[in-house]
Amino acid sequence: MTTFVIVGGGLAGAKAAETLRAENFDGEIVLFAEEPDRPYERPPLSKGYLLGKADRDSAFVHPADWYGEHDVDLRTGTAVTAIDPAAHTVTSAAGTQSYDKLLLAMGAAPRRIGIPGADLDGVLYLRRLGDSDRLREAFRGGARVVVLGAGWIGLETAAAAVLAGCHVTVVEPQPGALHAQLGPELGAVFGALHAAHGVEFRFGETATEFHGDAAGHVGSVLTSAGALLPAAAVVVGIGAVPSTALASAAGLEVDNGVVTDAALRTSAPDVFAAGDVANSYHPLLRRRVRVEHWANALNGGRAAARSMLGQEVEYNRVPYFYSDQYDLGMECSGLPEPGRYDRVTYRGDPSTLEFIAFWLSGGRLVAGMNVNVWDVTDDIQSLIRSGRELDTTRLTDPAIPLAEV
Ligand SMILES: Cc1cc2nc3c(=O)[nH]c(=O)nc-3n(C[C@H](O)[C@H](O)[C@H](O)COP(=O)(O)OP(=O)(O)OC[C@H]3O[C@@H](n4cnc5c(N)ncnc54)[C@H](O)[C@@H]3O)c2cc1C
């Protein structure tokens, strides 16, 4: 019997298994998942679940009995420890498993901080369900919370802490919030939103030491500017690192993720990669990108499954991301990284927090973000995909439907 093995029980791995069965693959599917839980989605961990508004069950990708019903051999609590591409095998504590095709979907892990006091209790990270439980507990009773990093995880966590009644300080080495993700213009919109909710920012600073109490619990954070910030809890949100150790050890090409072509094939025969761990050639952007977003895990997992089945696949989605903070909901299509655009323009007034922002390069749309405006993602993505030079007067005129710009 043909055996397809998936390493990584996150959204990408679960969607790949689902797609294999939906495409009538009748061979064996073995899904190795290091975590004790069956595959779940992470966005609620910094939003509804962290806020206590969504229950644990709502995060899971499939109901518990789905795996048995679809003959997917889900091995939770089982980490793959080695891959042998020549022998077509993977190894775990349970032994050796051979494969005909292999999908690497190991995702990413939080970047750890390596400063004195990093091991103190109360220095927390957010990636797994258990992490979210710990954060929720730490935010109880309006504690003083220091968040390291004004990226998506840092800001969503800051919002959750504020809503739980905490006093929150965010320490960020960049000059503004979401600087690397959105650039200074839109980063400032998010910075102002948080400041209006009482969040204190310390831009241009890093944490240099954590100080603890006699019981080994964090009590304060020393910053590079010499400020000593009281902290009953610290959330470290300084980015994620793709989980590439297995792939590197197996000799696969790795460069900020497992390198793949547009069909999500790695440098090793019969080995594919998708989700946060993959750095894939993107035909539309004409470069490799590693996208750490939910939609990429969802669609990349599906595309990898079809590629494993020998179907012709060109994974060419416009990157898409969403976030919720306080009453602000947004969706962002494209990658508005600093250096990749020369102009930002708006449909609507950003100060009203109901607008669409457009990042342009040479008059062509690089990215678009709708804030508290809905049902425009398809149109924004079509404009990005078109690569056309746009008339910005029409683009920014709310009277003209985006589909007619
Ligand atoms: C708190 C949080 C909030 C987020 N919010 C948003 C959001 O609002 N919008 C958005 O677009 N994106 C969001 N994201 C990003 C999104 O969740 C990720 O892009 C997505 O989880 C990636 O899925 P994945 O399957 O590639 O990897 P992961 O979700 O990382 O899953 C990989 C799994 O593989 C396991 N694994 C690793 N190595 C092995 C091994 N050797 N053997 C077996 N198993 C292994 C890991 O333990 C993990 O369970 C958020 C992420 C986090 C952490």
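Right above here is the structure, for reference.
Residues numbered from 1 in each chain as written. Predicted model: local features only at pLDDT ≥ 70, side-chain atom pairs only at ≥ 80, totals over all residues. Heavy atoms only, no water.

S.K.: What's the story with the side chain of N299 in this structure? I'm lost.
M.R.: Residue position: N299 is located in helix α7 (residues 294–308). Apart from the residues within four sequence positions on either side, N299 is in contact with Y315 and R317. (Helix = DSSP H or I, 4+ residues; strand = E, 2+ residues; numbered from the N terminus. Contact = heavy atoms within 4.5 Å.)

S.K.: What is the right way to read the site of the ligand from this model?
M.R.: Around the ligand there are 35 residues in total, and E35, R42, K47, R127 and D276 lie nearest to it. Here A108 contributes a backbone N or O atom positioned 3.5 Å from an oxygen atom of the ligand. Within the backbone of W294, an N or O atom sits 3.0 Å from an oxygen atom of the ligand. With the chains in place, 95% of the 1000 Å² that the ligand exposes on its own is no longer accessible. Where the shell around the ligand is concerned, the elements lending two or more residues are α1 (11–22), β2 (28–33), α4 (152–163), α7 and β22 (320–325). Tallied by class, the residues present in the shell around the ligand amount to 18 nonpolar, eight polar and nine charged. (Near = heavy atom within 4 Å. Polar contact = N/O pair within 3.5 Å; in protein donor to acceptor, adjacent residues only side chain to side chain. Areas by Shrake-Rupley, 256 points an atom, 1.4 Å probe, with all protein chains shown as cover. Nonpolar A, V, L, I, M, F, W, Y, C, P; charged D, E, K, R; others polar.)

S.K.: Is there a simple way to think about the packing of α4 against helix α5 (residues 179–196) in this case?
M.R.: Geometry of a packed helix pair, given as the angle between the helix axes and the separation of the axes. At a closest axis distance of 12 Å, the pairing of α4 and α5 adopts a crossing angle of 10 degrees. Accordingly, the angle class assigned to the pair α4 and α5 is roughly parallel. Two secondary-structure elements touch here, α4 through W152, L155, A158 and A159 and α5 through Q181, L182, F190 and H194. Residues belonging to the contact of α4 with α5 are distributed by class as follows: six nonpolar, two polar and no charged. (Axes fitted to C-alpha atoms, helices over the stretch in contact; angles between N-to-C directions. Parallel < 35°, antiparallel > 145°, perpendicular 65-115°, else oblique.)

S.K.: Please clarify how the sheet that holds strand β20 (residues 278–282) should be interpreted in this entry.
M.R.: Spatial ordering of the open sheet is given by β18-β20-β21, a layout of three strands whose pairing is mixed. In this open sheet, the two strands that pair with only one neighbour each are β18 (258–260) and β21 (287–289). With strand direction ignored, the average angle separating the axes of adjacent strands in the sheet is 30 degrees. Note: β18 against β20, three bridges, orientation parallel. (Pairing = 2+ DSSP bridges.)

S.K.: I keep staring at the nonpolar core and nothing clicks. Help me out?
M.R.: As a rule of thumb, nonpolar side chains are buried together in soluble globular proteins. Ranked by size, the top nonpolar core spans 50 residues in total, and within it V168 and W359 carry the most contacts. Sorting elements by how many residues they give to this core places α4 first, with seven residues. Not counting residues within four places of it along the chain, the set of residues in contact with V168 comprises V145, V147, A158, A161, V162, G198, V199 and E200. One finds L31, V72, A297 and A303 within the second-largest nonpolar core, a separate group that totals 28 residues. (Core = buried A, V, L, I, M, F, W, Y, C linked by side-chain atoms within 4.5 Å. Buried < 20%, exposed > 50% of the residue type's maximum accessible area, 1.4 Å probe, protein only.)

S.K.: I'm lost on the environment of P85 in this one. Help?
M.R.: Checked against the element boundaries, P85 lands in the loop between β4 (80–84) and β5 (89–92). Overall, the relative accessible area of 15% leaves P85 in the buried class. In this structure the C-alpha to C-alpha distance between P85 and P350, which are 265 residues apart in sequence, comes to 51 Å. With sequence-adjacent residues up to four places away left out, P85 is seen in contact with Y99, A250, L252 and A268.

S.K.: What's the story with the pattern of salt bridges in this structure? I'm lost.
M.R.: Close approach of charged atoms lets side chains of opposite charge pair. The full count for this structure, using the stated rule, is 19 salt bridges. For D37, the salt bridge identified is with R56, shortest N-O distance 3.8 Å. Taken together, the residues span a long stretch of sequence, with D37 in the loop between β2 and α2 (66–69) and R56 in the loop between β2 and α2 at a distance of 19 residues. For R56, a relative accessible area of 32% gives the class partly exposed. Across the pair K47 and E156 runs a salt bridge, and its minimum N-O distance is 2.9 Å. Of this pair, K47 sits in the loop between β2 and α2 while E156 sits in helix α4, and the two are 109 residues apart along the sequence. Residue class for K47 comes out buried when judged on its relative accessible area of 10%. Since its relative accessible area comes to 3%, E156 is described here as buried. Salt bridges linked by common partners bring E34, E35, R42 and R128 together as one network. (Salt bridge = Lys/Arg side-chain N within 4 Å of Asp/Glu carboxyl O.)

Bear in mind that shape data such as this cannot, by itself, settle questions of function.
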